[in-house]
Every structure is written in C-alpha cells, then in structure tokens.
Amino acid sequence: MMVMFLSAMLAVLCLLPVNVAFGHTYQVHDWFWSNSGESFDYAATANSAGDTLGQYCYVKSGNCIYLVSLNIACHTGHHYAALINSNTGAEPVTLICDKKDNDEYVMTFASFKSIDTVVKSAVEVGIAVPMKDGLFRVSRFALDGSNQAINQMRQDARSRMQAAPSDTGHLPAQVDM
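To keep things clear, this report deals only with the structure shown in the data block. Note that the structure is predicted; figures quoted are calculated from it, not measured.

One way to put it is that helix α2 (residues 112–121) packs onto helix α3 (residues 146–160) with a least axis distance of 9 Å and a crossing angle of 125°. Between α2 and α3, the angle falls in the class oblique. Contacts between α2 and α3 involve F112, V119 and K120 from the former and S146, N147, I150 and R154 from the latter. For the contact of α2 with α3, a count of residues per class yields 3 nonpolar, 2 polar and 2 charged.

What follows is the structure, given as structure tokens:
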C-alpha cells in the first residue's frame, strides 16, 4: 500500500511551497517529503518498479534512518550484504530487515552515513542485493531533489522533537509505519 501511495505521489504532485501545514506531502523533483503525522516524517523516492528509498525521522525517539523497500523477502533482525553504486563510487553496505509492513519487507541501512553521503552527493544510486539463486536484485533510484526534500523534512521533524535528530541504522522500538 505504501509503495502504491509513493508511486502515485510521484506521478501527481508538483513542487509546492515550503510553508506547510501538518500532514501534507510535497514533491521536489524526484523526491517528496511529508510531515505525515505524529509518529514520523519522511523524504523518499520511488522508482518505476515500485521500490522505495527514503529517510524517515521518528519524532518520539528522535531517530532518523534510511529505509529501502526492494520487494524481496527477508527475516526480521537478519543482516544482508549489499552494494551501493553511483557516479560518486561504489561501497559495500549492510541492510537490516527490521520490519514487515503490509506484507512488504522493509530494510534499514546499518550505516546511516554511507547511504546519506551518496544520497546527498550523487545523481542516481543503484542498490544490488545478492539472492539465493546466485543472481542479484538491483534497484536504481533518482536523487534529484533529495537534498531539498530531506532538509525540509528534517527541519519539520526537528521542530517537534525534544532534541536534534539522531542518525541511526535501526528503527526505534514500537513504531507505527
């Protein structure tokens, strides 16, 4: 359901003003951001396959994480090797299966800094995950607008947090997605 929502938002929305009301979604080129409710804010993008990549900031815990949904099954708590590749270089990363949302598995990046650096400096990022059959599941995401969307989302999230956001690779306990 979230993937369909994200895909629809990419197709429909246009760049909206920065003065926002609570609970709205705004598009900035290939990315959009939302102050979606009391639990979390997010800035994300979706590709034509329906895969999503985004940064989520949880207001109560103060944690910010990168989530990726690649339409692959995983076991909650397990770590998976992956490779991110962009015009700025390639780097091995670890993905953690932290939550199953609406029959879709969601993975976080163990190293916030690794993916954050790429998202903020590259034009496009590819994520390759080895599969059991010896093949790779590869997904590519456009990054145009990521900096502005993330900055706006974090500014809004920070205004409702007790302290500045903490960048982490793990979902806070007991979150509502």
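Having seen the structure, we can now continue with the description.
The next subject is α3. The end-to-end C-alpha distance of α3, which contains 15 residues, comes to 21 Å, matching closely the 21 Å that a straight helix rising 1.5 Å per residue would cover. Listing the buried residues of α3 in full gives S146, A149, I150, Q152, M153, R154, D156 and A157.

Here the focus is the state of the cysteines. In this structure the tally under the stated criterion is 2 disulfides. Between the sulfur of C57 and that of C64 lies a disulfide, 2.1 Å long from S to S. Its S-S torsion of about 115° marks the bond between C57 and C64 as right-handed, since a negative value means left-handed. Assigned by exposure class, C57 and C64 land together as buried. Note that C74 is cross-linked by a disulfide to C97, the S-S spacing being 2.1 Å. In this structure the cystine formed by C74 and C97 twists about its S-S bond by roughly 65°; its chirality is therefore right-handed. Linking C74 in the loop between β5 (63–69) and β6 (79–86) with C97 in strand β7 (residues 89–101), this pair joins segments that are 23 residues apart in sequence.

Parameters at a glance
Positions within a chain are numbered from 1, following the residues in the order the chain's sequence is written. Side-chain atom pairs in this predicted model are given and counted only at pLDDT of 80 or more, local residue features only at pLDDT of at least 70, and totals for whole chains, interfaces and linings cover all residues. Working from all heavy atoms in the structure, the side-chain values ignore hydrogens and water. A fitted line through C-alpha atoms represents every axis, and for helices the fit uses only the stretch in contact; the resulting angles, taken between N-to-C directions, go from 0 to 180 degrees. Strands are runs of DSSP state E lasting at least two residues, helices are runs of H or I lasting at least four, and both sets are numbered from the N terminus onward. Here roughly perpendicular refers to angles of 65 to 115 degrees, roughly parallel to angles under 35, roughly antiparallel to angles over 145, and oblique to all remaining angles. Any pair of residues with heavy atoms lying within 4.5 Å of one another is described as a contacting pair. For this classification, the nonpolar set comprises Ala, Val, Leu, Ile, Met, Phe, Trp, Tyr, Cys and Pro, the charged set comprises Asp, Glu, Lys and Arg, and every other residue, Gly included, is treated as polar. Take the number of residues in a helix, subtract one, and multiply by 1.5 Å to get its expected span. Note on classification: 1.4 Å probe, protein chains only; a residue is buried when its accessible area is under 20% of the maximum for its type, exposed when over 50%, partly exposed between these limits. Cysteine sulfur atoms that pair up within 2.5 Å are treated as a disulfide.

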